[in-house]
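Notes for the structure review
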Number of protein chains: 2
Amino acid sequence: MKTNQQWLIAARPRGDVKESDFRWNEATLADPADGEVLIRTVYISLDPTNRIWMNEAESYLPALPLGHVMRGGGIGAVEESRNPGFSKGDIVQGLLGWQKYSLSDGAGLAKLPKGLPVPLTAFFGLLGHIGLTAYFGLLDITDPKPGETLVISTAAGAVGSLVGQIGKIKGCYVVGLTGSDEKCHWIKDELGFDAAINYKTANVPDALKQNCPKGIDIYFDNVGGAILEAVLNQINMKARISVCGMISQYNADSPLPGPSNLANLIMKRARMEGFLCFDYNSRAEEAFTQLIGWLLQGKLKYRVDVVQGLENAPRTLHKLFDGSNAGKLIVQVGPE
Amino acid sequence: MKTNQQWLIAARPRGDVKESDFRWNEATLADPADGEVLIRTVYISLDPTNRIWMNEAESYLPALPLGHVMRGGGIGAVEESRNPGFSKGDIVQGLLGWQKYSLSDGAGLAKLPKGLPVPLTAFFGLLGHIGLTAYFGLLDITDPKPGETLVISTAAGAVGSLVGQIGKIKGCYVVGLTGSDEKCHWIKDELGFDAAINYKTANVPDALKQNCPKGIDIYFDNVGGAILEAVLNQINMKARISVCGMISQYNADSPLPGPSNLANLIMKRARMEGFLCFDYNSRAEEAFTQLIGWLLQGKLKYRVDVVQGLENAPRTLHKLFDGSNAGKLIVQVGPE
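Report follows, based on the coordinates. None of the values given here were measured: they were computed from a predicted structure.

Definitions and cut-offs
- Counting restarts for each chain, with residues numbered from 1 along the sequence as it is written.
- Labels follow written order: the first chain is A, the first ligand is 1, and so on.
- Confidence filtering applies because this is a predicted model: local features only for residues at pLDDT of at least 70, side-chain atom pairs given and counted only at 80 or more, and all residues used for totals across whole chains, interfaces and linings.
- To obtain the side-chain values, all non-hydrogen atoms of the structure were included, while hydrogens and water were left out.
- Only buried Ala, Val, Leu, Ile, Met, Phe, Trp, Tyr and Cys residues count toward a nonpolar core, and they belong to the same one when joined by side-chain atoms within 4.5 Å.
- For every residue, the accessible area obtained with a 1.4 Å probe (protein chains only) is divided by the maximum for its type, and the residue is called buried under 20%, exposed over 50%, and partly exposed between those limits.
- Only heavy atoms enter the contact rule, under which two residues are in contact if any of them lie within 4.5 Å.
- We call two strands paired when DSSP finds no fewer than two bridges between them.
- Only DSSP runs of H or I covering at least 4 residues are called helices, and only runs of E covering at least 2 are called strands; the numbering of each starts at the N terminus.
- Whenever Lys or Arg places a side-chain nitrogen within 4 Å of a carboxyl oxygen from Asp or Glu, that contact is recorded as a salt bridge.
- This arc is taken over the directions from the axis of the helix to the C-beta atoms.

1. A closer look at the nonpolar core
L208 and M272 of chain A together with L208 and M272 of chain B are the most contacted members of the largest nonpolar core, which totals 70 residues. Sequence-distant contacts of M272 of chain B, defined by excluding residues within four places in its chain, comprise L262, L265, A270, R271 and M272 of chain A together with L228, I241, V243, M246, L262 and L265 of chain B. Membership of the second largest hydrophobic core comes to 52 residues, among which are Y43, I141, I218 and L300 of chain A.

Put into structure tokens, the structure is as follows:
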């Protein structure tokens, strides 16, 4: 019998998430039953969607009851297996939750291949749900063509930075919006974006006009809100908007109004389409093979921001919303 | 030399269109130059998009300068032709404008076939831009499947009433929103919609819940605004929203906020797509052959609301916005 440590949802957040919305819990962990595996968490992934999962309303996954362990994607090591599909030492990825140990019947658990020429954290920064989101959210939803102008919000984020680099590989003119000069520098000078806009200091409509002289063909939207409205005013005929996230809305205490200019979808015969990475699980190999290939060819870079200690997860989550993370945000719970 | 009568744009409307936004003008008409045809207007079509054309901003067509004759679709008879493509007596459809006569070089003018088993007004109520809009806006943009739930706003309008009937032909469960009990009766009992909601007296979110027990797979949107928001809350996975119009926004004096729940596009992996009938001109024959076929088989009905006299055009336009028209709104300018 082991002692587990975990974060439970203590309250529904109102507005920004507070540390008091979580409660630390220590409890003895049952031994795995027949068919179960015991997993020791190595990393958990912090993502904007964590905020959605804390709401009372069902989203694309069932709502979590108060007092339940916080949901979270993670990578762990199998410590004990009573499931024929897994063996001790397997490295697995799935919704392990914000906890040191978890029990699973194997459903939704992916065994990670060993011997790949990438570190384990690449399964957050390049592969896993981030890679699926960037790869299919751009290529499948918008079908980018060489010479088209691609605009990306939260462009220095885990997903956005990949989307922009894939856009460059596909021959697009790529413009990223991000929240600091350091991040602007990173996406433009390190990742090869054609232009970067600091949305906190620039007038976004003017900056888009200046940096997208041929208008906007594709918008990869992570934020919704005012930036979506500014983009809709500058879309070209047959523009495509891939709706990946609306982070500007997630912390809102009451519903925020949407863009006032959706009628531009008519004027420009344009399309907005939402998607979730889960829908592409069956095509993961296609994406990951290509992404690793590009990485090894030096065409793709990614960075991870690893925070040590499960105890720091709640206070780290806000970095996603104030933009202070530098790369894919991960909490390391235990040794690899 | 003939005397022409016409309505000019006198002012940019603020909010609702007023009669004083137009100015009546009489002027002598030049004889057709080489390559031109002289057309006598028989009917003009009043459409929600007329309101868009009065704005200072360019839309999907160039903005009209103040003092210019009001733009409008129409049907007319060629009275004199100095263009080898047209002969005296030809019946033509195009942007003739709100005037008794017009001169054209033939660009954008369609010669209507003679001998079809439908009256001339069918080119507004069933064929023409209305037919293209309904046919392709539903079938091409949303690809409806038998058993799916299709919701339509301004469902008793020229486009909406066709969309619902085509939806029924395709095996959908069809729910229409319209603004009077008489119109509810018409679409349900005469046109065969499965359910009708009077949006002026019902609580729309509740009524949608009650009348769409399996959720909403397809929304044909003519209005935007609050009804779009209510629909977005009840869409199913992989829902499609065909964005045909946003009439709730056209008369707004200042921009109206959009729906606060666009993030549901993500949760439901749904799509919103705008279109314009012009984009389908090259496929008009396909649509019109099918629509006439369905009409003759008794599977489609349409109705027209013909107002006599060009002088009444400005005061008639508001019927589209207060919902007091009964069928496709047309002004008869002269005899057929």
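Past the structure itself, the notes keep going.
2. Looking at the pairing of strand 4 (residues 74–81) of chain B
Residue and element names in this part refer to chain B. Bridge count for strand 3 (residues 37–45) against strand 4 is 7 bridges, and the pairing is antiparallel. Following the sheet pairing, R40 is matched in strand 4 by A77. As judged from the 4 bridges shared by strand 4 and strand 5 (residues 91–94), these two strands associate in the antiparallel manner. Residue G74 lies in a different strand from strand 5, and its bridge partner there is G94.

3. Points about the pattern of salt bridges
Per the stated rule, a full pass over the model turns up 32 salt bridges over all chains. Its salt-bridge partner being D305 of chain A, residue K319 of chain A comes within 3.5 Å of it at the nearest N-O pair. Here K319 of chain A, found in helix 12 (residues 319–322), pairs with D305 of chain A, found in strand 14 (residues 304–308); they are 14 residues apart in sequence, far enough to count as distant. For the residue pair K319 of chain A and D305 of chain A, the accessibility class agrees, reading buried in each case. A salt bridge links K168 of chain B to D194 of chain B, with the shortest nitrogen-to-oxygen separation between them at 2.9 Å. Linking K168 of chain B in helix 4 (residues 158–169) with D194 of chain B in the loop between helix 5 (181–190) and strand 10 (195–198), this pair joins segments that are 26 residues apart in sequence.

4. Details of helix 5 (residues 181–190) of chain A
Residue and element names in this part refer to chain A. Among all positions of helix 5, only K183, C184, W186 and I187 are buried. An end-on view of helix 5 places all buried positions within 160 degrees of arc, on one side of the element. Next to the buried residues of helix 5 lie helix 4 (158–169), strand 9 (173–178) and strand 10 (195–198). Remark: G192 follows helix 5 within two positions and exhibits a positive phi of approximately 85 degrees.

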